[in-house]
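Letter by letter, the chains look like this.
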Amino acid sequence: MEYIFGQIAIAVFAITGVIAASKKVHDLFGLVVLGVITALGGGTLRDITLNHSVFWIEDFTYVWVAMASALITFLVFRFFNNTYRILLYLDALGVALFSIQAIDKSLALGCTAPVAIIMGLLTSIGGGIIRDVLSGRPNLLVNKEFYAIPILIGCVFYTTYMILIPSFVFNSVLSICIIFGLRAVSIYFELSVPAWLLIKPIHK
Amino acid sequence: MEYIFGQIAIAVFAITGVIAASKKVHDLFGLVVLGVITALGGGTLRDITLNHSVFWIEDFTYVWVAMASALITFLVFRFFNNTYRILLYLDALGVALFSIQAIDKSLALGCTAPVAIIMGLLTSIGGGIIRDVLSGRPNLLVNKEFYAIPILIGCVFYTTYMILIPSFVFNSVLSICIIFGLRAVSIYFELSVPAWLLIKPIHK
Amino acid sequence: MEYIFGQIAIAVFAITGVIAASKKVHDLFGLVVLGVITALGGGTLRDITLNHSVFWIEDFTYVWVAMASALITFLVFRFFNNTYRILLYLDALGVALFSIQAIDKSLALGCTAPVAIIMGLLTSIGGGIIRDVLSGRPNLLVNKEFYAIPILIGCVFYTTYMILIPSFVFNSVLSICIIFGLRAVSIYFELSVPAWLLIKPIHK
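Because the structure is a prediction, the values reported are computed rather than measured.

Asks: Can you break down the overall build of chain A residue by residue, with the values?
Replies: Along chain A, the regular secondary structure elements total 8 helices and 0 strands. Its helices and strands in sequence order give chain A the pattern α-α-α-α-α-α-α-α, from N to C terminus. Seen along its three principal axes, the alpha-carbon backbone of chain A occupies a region of about 45 × 45 × 30 Å. Considering only contacts within chain A whose residues lie at least 6 apart along the sequence, 73% involve residues at least 24 apart.

Written out as structure tokens, the structure is:
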């Protein structure tokens, strides 16, 4: 169950990675590499930070899934218009799946709740940040979009519930709905960060 | 003693991280994340490179200190003018504390003197470099400021003395004074790298 | 034999790192650090990803070789014109040596063939990508140059042969010739990625 979750999230992130990077990178190799990095980067950062063996070295299926998804996306997505919106919703699904899965893995490895929450965030946004740095796009930390806060809310919710009532199926479905729901609402209404969470720059 | 040193350095770096990143990033979440990354990034790189468990996973207090410092800075620093100078001196204190602490940790783990010196440098400048890459600012390696050389001098001095005369209190106070003093002088007189250490670009 | 290969590749990469970074960075410290990062960065990423102790911490000779090569390059390369072409051919030699050596190390550590191929790629292009990100240059993933594909072909070739017929000297010489040869041809004829491997950007 978790395994299928993981593979779907990998595929989704490889697809969004190729579409997002295609604004700056246009050749097959670069796009497939950036798609694979988007898909595997967050989990790689998580495993390295936890001093654990990297998941795709233990099970190379993840790399094949990421490569195949990136390759198919490269071949077919030019025939779609308006991919940008699809990309945003797919990405919302991917981050929801990834953060839940990373929290489960971290808790199973004996991490405390706060570490597990950080690993949920790192896994779900790490790959996209590496992709943006490598392809020269502004990354999500410098955007004012309502992006990481829904993930954070979902991660705190899921971790709390898993410690109180360890029922994987119920909690994970509920938490994925929370993260995906909040992201979908903020995409649909084009929410950015509310004004009271903003600071005006002092130096120019 | 070393523990208090470490926590103070974390707080100082989280503060400077938020102030530095606030030129490019203006929302609460992004600034707190970049403050925490500035504070914990260098030590994380050190522990990962040494194949050692990451310090803030073993003791989460560091993350709370970094988060609290970043949050308070976000809330109050808009009321201060001329933060830029304060930032530079605080940063000088932070790098001095961090490099000494990293050398101690590396020597305690059985590293040789040259490895310990590199870890001192990596810990004290790593977090700021990650912050600059993520927030799209030019990092210290591309600046001509007299920044890393004072740290390098202090690291070499401290490591040599700790191997010759292992007296932590005396050496650490002296080395922190050296690094902070050299940095403070170069901030005050706005020193950049001397001309004989420069190369003129050959290709444009 | 492999050890000499490794040290030569380190020296070559430190030289190319300094020359490449000198477009953006002009002081001694920054250039030497970027040269050393170019030389050691790829292998460091490989060892960290494999959860193995980092090679230059085990044997500090690599760092001295990288530092000395970077320093000498800093001192002498201003007297050469047309360094750009030399840089490209040196780099082609460096990536050939690095990828072969990384595959050998990975196979010796018990990695499967696909993991070894990825490690070959990561080791040979990782250092240069970190250098480009830190010095604010466009990295090779966003260029359309025929760069990574020759390395990939050589890595697949070498790994396949090492598993079928484990004869280090013959296979490594042949594979280095393949990678260097393909890169040299693409430098000489200024090949970029062929049109059928390109995608036109959909969103601007």
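Asks: Quick rundown of the relation of the copies chain A and chain B? Include the residues and the values.
Replies: In the superposition of chain A on chain B (RMSD 0.0 Å, axial shift 0.0 Å), the rotation amounts to 120°. Given the turn and translation reported, the copies of this chain are related as if by a three-fold rotation axis. Counting the interface residues of chain A, we find that no more than 9% of their copies in chain B are interface residues as well, pointing to two distinct contact surfaces.

Asks: Could you give me a rundown of the interface of chain A and chain B, with the residues and numbers involved?
Replies: Facing 23 residues of chain A, the contacting portion of chain B comprises 27 residues. Broken down by secondary-structure element, the contributors of at least two residues to the side of chain A that touches chain B are helix H2 (28–49), helix H6 (113–134) and helix H7 (148–164) of chain A. Among the elements that take part in the side of chain A that touches chain B, H6(A) stands out by supplying 4 residues, more than any other. Split by residue class, the side of chain A that touches chain B holds 17 nonpolar, 5 polar and 1 charged.

Asks: Quick rundown of the interface of chain C and chain A? Include the residues and the values.
Replies: Listed as interface residues are 24 residues of chain C and, on the opposing side, 27 residues of chain A. For the side of chain C that touches chain A, the secondary-structure elements that each account for two or more residues are helix H2 (28–49), helix H6 (113–135) and helix H7 (148–164) of chain C. With 4 residues, the top contributor of residues to the side of chain C that touches chain A is H6(C).

Asks: Hey, could you go over the environment of Cys111(B) for me, with residue numbers and the actual values?
Replies: All names here are of chain B. Relative to the elements of secondary structure, Cys111 occurs in the loop between helix H5 (83–108) and helix H6 (113–135). Its 19 C-beta neighbours within 10 Å are what place Cys111 among the partly exposed residues. The sequence separation of Cys111 and Leu50 amounts to 61 residues, and the corresponding C-alpha distance is 8.9 Å. Apart from the residues lying within four places of it in its own chain, the contact partners of Cys111 are Ser106, Ala116 and Met119.

Asks: So, unusual backbone geometry: which residues are in play, and what are the values?
Replies: A negative phi holds for most residues other than glycine; trans holds for most peptide bonds. Its identity as a non-glycine residue notwithstanding, Asn51(A) has a phi of 55°, on the positive side. Here Asn51(A) lies in the loop between H2 and helix H3 (55–58).

Asks: Please give an account of H7(A) that cites residues and values.
Replies: Compared with an ideal rise of 1.5 Å per residue, which puts 17 residues at 24 Å, H7(A) spans 24 Å between its outermost C-alpha atoms and is within 8% of the ideal. Every buried residue of H7(A) is accounted for by Ala148(A), Pro150(A), Ile151(A), Leu152(A), Gly154(A), Cys155(A), Tyr158(A), Thr159(A) and Met162(A).

Asks: Which residues make up the relation of the copies chain C and chain A, and what values do they have?
Replies: When chain C is fitted to chain A, the best match, at an RMSD of 0.0 Å, comes from turning it 120° and sliding it 0.0 Å along the axis. Each copy contacts the other with its own distinct surface, as only 8% of the interface residues of chain C are interface residues in chain A too.

Asks: Give me the confidence of the model for chain A: which residues, what numbers.
Replies: Confidence in the prediction for chain A averages 86 pLDDT; 92% of positions are at 70 or higher. Of the two predicted TM-score estimates for the complex, the pTM is 0.89 and the ipTM is 0.85.

Asks: Describe in detail the packing of H2(C) against helix H4 (residues 61–76) of chain C, supporting the description with residues and values.
Replies: A packed helix pair is summarised by two numbers, namely the angle formed by the two axes and the spacing between the axes. Residues and elements named next belong to chain C. Two numbers describe how H2 lies on H4: the axes approach to 9 Å, and their chain directions differ by 135°. Taken together, the axes of H2 and H4 lie oblique to each other. Like other packed secondary-structure pairs, H2 and H4 cross with a definite hand, here right-handed. Here H2 contributes Leu28, Leu31, Val32, Gly35, Val36, Ala39 and Leu40 to the contact with H4, which in turn contributes Tyr62, Val63, Ala66, Met67, Ala70, Leu71, Thr73 and Phe74.

Asks: Pulling in residues and values, what's your account of the packing of helix H1 (residues 2–21) of chain B against H6(B)?
Replies: All names here are of chain B. Look at H1 against H6: their axes get within 11 Å of each other, and the N-to-C directions meet at 25°. One way to sum up the angle between H1 and H6 is to call them roughly parallel. Seen along the crossing, H1 lies across H6 with a hand that is right-handed. Note on element contacts: H6 touches H1 through Gly127, Arg131 and Ser135, opposite Phe13, Gly17, Ala20 and Ala21. Tallied by class, residues from the contact of H1 with H6 come to 3 nonpolar, 3 polar and 1 charged.

Asks: Please give an account of the nonpolar core that cites residues and values.
Replies: If you look at the biggest cluster of nonpolar residues, it comprises 179 residues, and the most contacted ones within it are Ala14(A), Ala14(B), Val36(B), Ala66(B) and Ala14(C). Residues contacting Ala14(A), with those up to four places away along its chain left out, are Gly35(A), Val36(A), Thr38(A), Ala39(A), Ala66(A), Ser69(A), Ala70(A) and Thr73(A).

Asks: Give me H6(A): which residues, what numbers.
Replies: Residue and element names in this part refer to chain A. Compared with an ideal rise of 1.5 Å per residue, which puts 22 residues at 32 Å, H6 spans 31 Å between its outermost C-alpha atoms and is within 8% of the ideal. Of all the bends in H6, the largest measures some 40° and sits at Ile125. With 18 of 22 residues buried, H6 lies mostly within the body of the structure. In the segment just after H6, Gly136 is the residue with positive phi, at about 70°.

Asks: Just give me the short version of the environment of Lys144(A), but keep the residues and values in it.
Replies: All names here are of chain A. Looking at the secondary structure, you find Lys144 in the loop between H6 and H7. When the 17 C-beta atoms within 10 Å are taken as the criterion, Lys144 is described as partly exposed. Sequence separation between Lys144 and Thr159 is 15 residues, and the spatial gap between their C-alpha atoms is 26 Å.

About the cut-offs
- Residues numbered from 1 in each chain as written.
- Chains lettered and ligands numbered in written order.
- Predicted model: local features only at pLDDT ≥ 70, side-chain atom pairs only at ≥ 80, totals over all residues.
- Helix = DSSP H or I, 4+ residues; strand = E, 2+ residues; numbered from the N terminus.
- Contact = placed C-beta atoms within 7 Å.
- Least-squares fit on C-alpha atoms with pLDDT ≥ 70 in both.
- Nonpolar A, V, L, I, M, F, W, Y, C, P; charged D, E, K, R; others polar.
- Buried ≥ 20, exposed ≤ 12 C-beta atoms within 10 Å, placed from the backbone.
- Expected span 1.5 Å × (residues − 1).
- pLDDT = per-residue confidence, 0-100.
- Axes fitted to C-alpha atoms, helices over the stretch in contact; angles between N-to-C directions.
- Parallel < 35°, antiparallel > 145°, perpendicular 65-115°, else oblique.
- Left-handed = near helix turned anticlockwise from the far one by under 90°.
- Core = buried A, V, L, I, M, F, W, Y, C linked by C-beta atoms within 7 Å.
- Bend = angle between axes of the 7 residues up to and from the residue.

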